[in-house]
Amino acid sequence: MSRKSVHSPIRLINLINKKMKKVIAGIAALAVLFVVASCGGVSEGDLVGKWSVDPSSVEITMGDGIPSEMKKMVKEGQKEMEQEASEDLKAATIEFKEGGKLVISAEGESQEGTWSLDGEDLTIGMEQGGVKGEITVQVEMDGDNMTATLQATEIVKAIKKAMKDEPRAGEMIERMTDGMDMDKMAEGTSISITFNKK
């Protein structure tokens, strides 16, 4: 028996082992992707229904572009604002209806709007004082809890659109921002809030 023929079965076994490891690794990777895809996504069916706000869940993240004195004011005012708004927020609801319609109810009044979902991006359209606007939030689902995160860059985008459509909005925004750079302030700034399905 030649030396080459003795090693051939061992080489063959090693080669099969390497191929099997790649196949197993590939199957494992596909399984992980499937689990991630099935857990992480949000479907329209998940959203349809009536939701109430959890006032204690409000979380504000402030980016580096916000002046420190403004950060301090926001932090000091957040607790007071949460306490004052808590009862109003508890009574407020948002209802996602099939067909992309929504109704927001608060303080005995209701307002209709629209919604659409693209992955985890939820776009809400409303009309306020004759000005139409859309804003997109990122949503995460955990059973009957939905956390919506609004990036400040989305707010700036909506403000800039409103400024184009309605000149008075531009004047009001300029007075509110007192000449500060909105884009810089928006970077890294967000607000998130959790809703509970009723």
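Residues numbered from 1 in each chain as written. Predicted model: local features only at pLDDT ≥ 70, side-chain atom pairs only at ≥ 80, totals over all residues. Heavy atoms only, no water.

**Some points on the nonpolar core**
Move 1: Counting 19 residues, the largest nonpolar core has Leu47, Phe96, Leu122, Val139 and Phe195 as its most contacted members.
Move 2: Those elements that provide at least two residues to this core are strand S1 (49–61), strand S2 (93–97), strand S4 (109–118), strand S5 (121–128), strand S6 (131–142), strand S7 (145–151) and strand S8 (190–197).
Move 3: Counting five residues, the second-largest nonpolar core is a separate cluster that includes Val156, Ile159, Met182 and Ala186. (Core = buried A, V, L, I, M, F, W, Y, C linked by side-chain atoms within 4.5 Å. Buried < 20%, exposed > 50% of the residue type's maximum accessible area, 1.4 Å probe, protein only. Helix = DSSP H or I, 4+ residues; strand = E, 2+ residues; numbered from the N terminus.)

**Points about the confidence of the model for the protein**
Move 1: Per-residue confidence for the protein averages 75 on the pLDDT scale, and 66% of its residues sit at or above 70.
Move 2: Considering each helix and strand of the protein separately, the mean pLDDT is smallest for helix H1 (residues 3–40), with a value of 45, and largest for S2, with 92.
Move 3: A low-confidence stretch, residues 16–26 stays under pLDDT 50, and its non-local contacts, those more than four residues away or across chains, total zero contacts.
Move 4: Below pLDDT 50 for its whole length, residues 28–40 participates in one contact with residues either more than four positions away or in separate chains. (pLDDT = per-residue confidence, 0-100. Contact = heavy atoms within 4.5 Å.)

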